[in-house]
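# Observations on chain architecture
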Amino acid sequence: MSSLHLRATVAARGVDLELDVAEGETTAILGPNGAGKSTLLQLVAGLVPPDDGIVRLGEDVLTDTTARTAVPVHARGIATLAQETLLFPHMTARTNVAFAPRSSGADRRTARAVADRWLDAVGASHLAERRPAQLSGGQAQRVAIARALAADPRLLLLDEPLAALDVDTAPAIRRLLRTVLRENGRTALIVTHDLLDVVALADTVAVVDGGRVVERGSVADVLTAPRSEFGARMAGVNLISGHALTVGDTTALRTPWDTVVHGSGQHGSGTPVVAVFSPAAVSVHLTAPHASPRNVFEVVIEEMEVQGSGIRVRARPHPDGTPGIAADITAAAVSELGLEPGRRVFFVVKSREVVLHPALVSRR
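Residues numbered from 1 in each chain as written. Predicted model: local features only at pLDDT ≥ 70, side-chain atom pairs only at ≥ 80, totals over all residues. Heavy atoms only, no water.

Another aspect to go through is the overall build of the protein chain. Each helix and strand counted, the protein chain has nine helices and 21 strands in total. In terms of its C-alpha atoms, the protein chain occupies a principal-axis envelope of roughly 80 × 50 × 35 Å. Of all intrachain contacts in the protein chain linking residues separated by at least 6 positions in sequence, the fraction that spans at least 24 positions is 65%. As presented, the protein chain carries roughly 17,100 Å² of accessible surface, and 50% of it is formed by carbon and sulfur atoms. Averaging the locations of the 37 positively and 39 negatively charged side chains of the protein chain gives two centres separated by 4 Å. (Helix = DSSP H or I, 4+ residues; strand = E, 2+ residues; numbered from the N terminus. Contact = heavy atoms within 4.5 Å. Areas by Shrake-Rupley, 256 points an atom, 1.4 Å probe, with all protein chains shown as cover. Lys, Arg positive; Asp, Glu negative; His and termini not counted. Charge placed at Lys NZ, Arg CZ, Asp CG, Glu CD.)

One key point about sheets: their strands pair by backbone hydrogen bonds, in either a parallel or an antiparallel sense. Spatial strand order, β16-β20-β17-β18-β19: five strands in an open sheet with antiparallel pairing. Each end of this open sheet is capped by a strand with a single partner; those strands are β16 (283-285) and β19 (326-329). For this sheet the average axis-to-axis angle between neighbouring strands, irrespective of direction, equals 45 degrees. Relative to strand β18 (residues 310-315), strand β17 (residues 294-307) is paired through six bridges, and the arrangement is antiparallel. Directly across from Val 306, in β18, lies its bridge partner Ile 311. (Pairing = 2+ DSSP bridges. Axes fitted to C-alpha atoms, helices over the stretch in contact; angles between N-to-C directions.)

The next subject is the packing of helix α2 (residues 93-103) against helix α3 (residues 108-121). What describes two packed helices is the angle between their axes and the distance between those same axes. For the pair α2 and α3, interaxial distance at closest approach is 8 Å and the crossing angle is 120 degrees. Classed by the angle they form, the pair α2 and α3 counts as oblique. In the packing of α2 onto α3, the handedness of the crossing is right-handed. In this structure, α2 contributes Ala 93, Arg 94, Val 97, Ala 98, Pro 101 and Arg 102 to the contact, and α3 contributes Arg 108, Ala 111, Arg 112, Val 114, Ala 115, Asp 116, Trp 118 and Leu 119. (Parallel < 35°, antiparallel > 145°, perpendicular 65-115°, else oblique. Left-handed = near helix turned anticlockwise from the far one by under 90°.)

With that settled, the discussion passes to α3. Taking 1.5 Å of rise per residue, 14 residues should cover 20 Å, and α3 covers 20 Å from first to last C-alpha, within 8% of that figure. Taken together, the buried positions of α3 are occupied by Ala 111, Val 114, Ala 115, Trp 118 and Leu 119. Angularly, the buried residues of α3 cover 130 degrees about the axis, an arc narrow enough to put them on a single face. Along α3, exposed side chains directed more than 90 degrees from the buried face belong to Arg 109 and Asp 120. Considering only its buried residues, α3 is in contact with α2 and α4 (137-150). Its side-chain oxygen at 3.2 Å from the backbone nitrogen of Arg 109, Asp 107 defines the N-terminal cap of α3. Gly 123 lies just past α3 and shows a positive phi near 70 degrees. (Expected span 1.5 Å × (residues − 1). Buried < 20%, exposed > 50% of the residue type's maximum accessible area, 1.4 Å probe, protein only. Arc of directions from axis to C-beta. Polar contact = N/O pair within 3.5 Å; in protein donor to acceptor, adjacent residues only side chain to side chain.)

These figures come from the coordinates and say nothing about function on their own.
Here's what the structure looks like:
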């Protein structure tokens, strides 16, 4: 296995990406649709040439626009597993898996032995003689995983591999992928929209937005203290951006629209920070309370949706267009307060429930 270094721009797609992944590490690539996640994988795989940049896997340079280096896709030592298994329909499961070692020059006997070993490893030995049309979605994905690993790749690219599976099949394939990645120390990138994939499979997270990596950190850090809007939505928490403001002997945050948010954390005045707090910490009032220490936000309800056993009430977006604050309250409270979209209310959160973190400033 090998470490990965990527630095690349593609003007036509509006991306300017930089990412490092340690050897044996699995990094989840998160971000909204159109953010540049697929382009990132395509740059690594060699499917899209950058206008400027470099892709290095271990000590080997795969792409270097300055040196005009462009290693072909098939020679990069990279395997891709997507939601579409793309198994050859005229081949059996065994011959599909054996295709990778055969393409690398292995003789038929050796390739068959490799195929049988990986089919056994993914619990699909009994499927060896079946063709793709005879396989269920979960069975086909097991064979696709075996085929990817039979190539002995230095890097695995997982492009939403569980997205097409039903809810009964996905957990088993997720456990299989976790075993494959952990036991073999595979270096991997996984693009996903599923928080379960992140928690179960990844060591670290990179959030891509607007064609740039805007947040990077361990899974625990990003989910408990996100510093990007998408990271906050993924983690299910509120996030407000601004600059640190010294208030007496405490630190607060001043937003671009001049709202002050009080919380815990020491930061130099004027430095970019984000305020993070749980929707469960937010209470909803029809009139503004005056007890202290609290943050009181006058908002207009944008939408309401069922969240677990309660209701998530979300305010209209902030003046800068970022997502509005969310509050998790009981259905009884919604009924008692007469809440509905368009109603003006007050969201209240105690300052001790708000944590201020340094903001990650993306490279522009």
